[in-house]
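# Residue-level structure breakdown
Now for the letters of each chain:
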Amino acid sequence: KHAERWSYKYAVNVSSGWLYYTTTYGLQELATGNDLETIVETRKIGMLVQTVAMPLIGLLRNKIAEKRGVTKESSLLERMKVNALAILPIQAFAYTGMLLGGMANTGNWDWKSAAAAWTVGMLTAVPHSFIYGPFQDGYRNFFGVQPAIKQTQNTTLETYVESK
């Protein structure tokens, strides 16, 4: 089954990051005054970085949820902790590199807008991690890959009927 292959899971995790973070962080960079050329360069670098970061984030979300016993039935706070613990440290490091790379590639060393973009990026990283975690799980479900935060029991009508 293709959903069990490492390469398929990798592609699903990476493309979920591309879809979510390329869009949201590009808009944030635009809102904080970065020029369009630098934003394009930053997003291109971001897509390359996400080929490494997103599978790592997916793996960390799996491990943290498993270790802490967090499931879909767990409290919202516990599910949010899993997402924040897995996403924030990687995101802070990676985003710094993306902004620096974007400025280096364009030669536009606008430290003020880069600092503003990083600050907004880190301030919104927590809300993003809360949104991205469920986004990634939904995306994984759509493509047949096991989500990080799993349901402990299947409560569909089919399961109920089958158990009778």
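I will try to describe carefully the structure that is included in this document. Predicted model only: the values in this text are computed from it and were never measured. (Residues numbered from 1 in each chain as written. Predicted model: local features only at pLDDT ≥ 70, side-chain atom pairs only at ≥ 80, totals over all residues. Heavy atoms only, no water.)

### Observations concerning the nonpolar core
With 18 residues, the main nonpolar core has Tyr21, Met54, Ile57, Tyr95 and Tyr132 as its most contacted residues. Breaking this core down by element, the ones donating at least two residues are helix H1 (6-31), helix H2 (36-68), helix H3 (76-106), helix H4 (111-123) and helix H5 (125-142). The biggest single contributor to this core is H3, with 6 residues. (Core = buried A, V, L, I, M, F, W, Y, C linked by side-chain atoms within 4.5 Å. Buried < 20%, exposed > 50% of the residue type's maximum accessible area, 1.4 Å probe, protein only. Helix = DSSP H or I, 4+ residues; strand = E, 2+ residues; numbered from the N terminus.)

### Focus on H3
If you check H3, its first and last C-alpha atoms are 42 Å apart, about what 31 residues at 1.5 Å a residue would give, namely 45 Å. At Ile87, H3 shows its maximal bend, which comes to roughly 30°, and the proline Pro89 appears one to four places after that position. Phi turns positive one or two residues past the end of H3, at Gly107, with a value near 75°. (Expected span 1.5 Å × (residues − 1). Bend = angle between axes of the 7 residues up to and from the residue.)

### Focus: the side chain of Asp137
Locating Asp137 in the fold gives a position in helix H5. Residue Asp137 is classed as buried on the basis of its relative accessible area, which comes to 3%. Discounting chain neighbours no more than four positions away, the residues touching Asp137 are Arg61, Pro147, Ala148 and Ile149. (Contact = heavy atoms within 4.5 Å.)

### Concerning the pattern of salt bridges
Under the defined criterion, the tally for this structure stands at 5 salt bridges. Of the charged contacts, one joins Glu78 and Lys81 as a salt bridge, the two residues approaching to 3.0 Å between their closest N and O atoms. Placement of the pair is Glu78 and Lys81 together in helix H3, with a separation of 3 residues, close to one helical turn. Of the residues examined, Glu78 reaches a relative accessible area of 24% and is grouped as partly exposed. A residue is classified by how much of its surface remains accessible, and Lys81, at 31% relative accessible area, is partly exposed. Among the charged side chains, a network of salt bridges with common partners joins Arg68, Glu78 and Lys81. (Salt bridge = Lys/Arg side-chain N within 4 Å of Asp/Glu carboxyl O.)

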